[in-house]
Amino acid sequence: MKKYTSVMMLYARSTICKLLGLLAVTGLAEVGLFYLSLSPESSLEAVFSASHLPLVCGAAFLLWTAVLTIHPLQKSGYTLYRMQLRPVDLFLCHIIYNTCCYVLFWSFQTCLLLGLFHWYGAQANEAVYGPQSILLAFYRIDFLHSLLPLADWTRYVRNAFLALGLGTAAALPLARQGSRGSLIGLAVLALAAVWSFPASIGRTGADWTIVVISVLVVLWDIYEIATMETPLSSEDGPNATAVPSQRNEVNGYDTNQ
């Protein structure tokens, strides 16, 4: 168990500072835009529409994905494989970490918007704001409803599997260094997530379609890693031969010892 914990901590130490910094910058940008759009005479939905916060959130999401993908550990050669774990086990740890990071991103956005909406409600006129205004906004605005689906349980399932699919796709470039296909696949999935994320209530068919696509991405990527030989470090040279899996040796170290 300590091996898995060490790997998870290694992933966290290499990206967490950049991710937290990105959250801070995103939060400040969204608060600033919301403040500039704030008007006590306007409805909550009008203020939100004028603030263009979904654009900021989408840009931050793409940067978030880039941070998780352009990994400092790509220069570490065999460092991860000295953890005495199979490549598929390392990959699964990376998936779990990336998925938790995407959940953190969405949780931050939800909590921030709820705080901003309550801030608006404290100074809005009673004619345009009532006890149900926030709930109505999350039902009526597609972006908000996808962020916090309330009673729409299929949207929760969609979001969970979307986070898992993105976490898997973001982990693949590190496991398959030098593979352009893994980067292209991640870019397509991330852009599709940005485009399809805002969805109105009741789009059950679209939700299940994304669930199926995410499951296929996860299964295919895990299969590719499970059938892949241990990658070589850059210093081994282009003409080096693959390390036989039955010997379990990494740069001369027998991992079975």
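Each remark here, short or long, concerns the structure printed above.
What comes next concerns the included structure. From a predicted model like this one, the values you see are computed outputs, not experimental measurements. (Residues numbered from 1 in each chain as written. Predicted model: local features only at pLDDT ≥ 70, side-chain atom pairs only at ≥ 80, totals over all residues. Heavy atoms only, no water.)

1. Observations concerning the overall build of the protein
Logical step 1: Across its full length, the protein holds nine helices and two strands.
Logical step 2: Written out in order from the N terminus, the α and β elements of the protein read α-α-α-α-α-α-α-α-α-β-β.
Logical step 3: Classification of the 257 residues of the protein by burial places 44% in the buried group.
Logical step 4: The contacts in the protein between residues at least 6 apart in sequence include a share of 79% that link residues at least 24 apart.
Logical step 5: As displayed, the protein offers around 13400 Å² of accessible surface, 66% of which is attributable to carbon and sulfur atoms. (Helix = DSSP H or I, 4+ residues; strand = E, 2+ residues; numbered from the N terminus. Buried < 20%, exposed > 50% of the residue type's maximum accessible area, 1.4 Å probe, protein only. Contact = heavy atoms within 4.5 Å. Areas by Shrake-Rupley, 256 points an atom, 1.4 Å probe, with all protein chains shown as cover.)

2. Things to note about the packing of helix 4 (residues 87-121) against helix 9 (residues 204-226)
Logical step 1: Interhelical geometry of helix 4 versus helix 9 gives an angle of 150° and a closest axis separation of 8 Å. Like other packed secondary-structure pairs, helix 4 and helix 9 cross with a definite hand, here right-handed. The segment helix 4 lies against helix 9, with Pro87, Val88, Phe91, Leu92 and Ile95 engaging Asp221, Ile222, Ile225 and Ala226.
Logical step 2: Residues of the contact of helix 4 with helix 9, tallied by class, amount to eight nonpolar, no polar and one charged. (Axes fitted to C-alpha atoms, helices over the stretch in contact; angles between N-to-C directions. Left-handed = near helix turned anticlockwise from the far one by under 90°. Nonpolar A, V, L, I, M, F, W, Y, C, P; charged D, E, K, R; others polar.)

3. A few points about the packing of aromatic side chains
Aromatic rings considered in pairs are described by the distance between their centres and by the relative angle of their planes.
Logical step 1: Applying the stated criterion across every chain yields a total of 17 aromatic pairs.
Logical step 2: Consider the rings of Phe61 and Tyr102, whose centres lie 5.8 Å apart with planes at 50°: the pair is tilted. With a gap of 41 residues between them, Phe61 in helix 3 (residues 53-69) and Tyr102 in helix 4 connect regions that are remote in the sequence. Grouping residues by exposure puts Phe61 and Tyr102 together as buried.
Logical step 3: A centroid spacing of 5.3 Å and a plane angle of 50° characterise the contact between Trp64 and Phe105, whose relative ring orientation is tilted. Of the two residues, Trp64 is situated in helix 3 and Phe105 in helix 4; the sequence distance between them amounts to 41 residues. As far as burial versus exposure is concerned, Trp64 and Phe105 are alike and both buried. (Phe/Tyr/Trp six-rings, centres within 6.5 Å; stacked < 30°, edge-to-face > 60°.)

4. A short note on the nonpolar core
Logical step 1: Ranked by size, the top nonpolar core spans 51 residues in total, and within it Trp64, Tyr102, Trp106, Leu113, Phe117 and Leu144 carry the most contacts.
Logical step 2: Of all the secondary-structure elements, those providing two or more residues to this core are helix 1 (2-37), helix 2 (44-51), helix 3, helix 4, helix 5 (133-140), helix 6 (142-147), helix 7 (153-175) and helix 8 (180-196).
Logical step 3: Apart from residues no more than four positions distant in its own chain, Leu113 is found in contact with Phe48, Leu53, Phe143, Leu144 and Leu147.
Logical step 4: In terms of nonpolar packing, the next biggest core, distinct from the first, is built from six residues, Phe91, Ala171, Leu172 and Ala175 among them. (Core = buried A, V, L, I, M, F, W, Y, C linked by side-chain atoms within 4.5 Å.)

5. Here's the deal with the environment of Val25
Logical step 1: Mapped onto the secondary structure, Val25 falls in helix 1.
Logical step 2: The spatial distance from the C-alpha of Val25 to the C-alpha of Ala60 is 9.1 Å, given a sequence separation of 35 residues.

6. A closer look at helix 7
Logical step 1: If you check helix 7, its first and last C-alpha atoms are 34 Å apart, about what 23 residues at 1.5 Å a residue would give, namely 33 Å.
Logical step 2: Counting buried residues along helix 7, 17 of its 23 residues qualify, which places the element largely inside the surrounding structure. (Expected span 1.5 Å × (residues − 1).)

7. What about the pattern of salt bridges?
Logical step 1: According to the stated counting rule, one finds four salt bridges in the structure shown.
Logical step 2: Here Arg140 and Glu45 are joined by a salt bridge, their closest N and O atoms 3.0 Å apart. Of the two residues, Arg140 sits in helix 5 while Glu45 sits in helix 2, which places them 95 residues apart along the sequence.
Logical step 3: Judged by relative accessible area, Glu45 falls into the partly exposed class, the value being 27%.
Logical step 4: Between Arg86 and Asp89 there is a salt bridge, and its shortest N-O distance comes to 3.1 Å.
Logical step 5: Given a relative accessible area of 53%, Arg86 falls into the exposed group. (Salt bridge = Lys/Arg side-chain N within 4 Å of Asp/Glu carboxyl O.)

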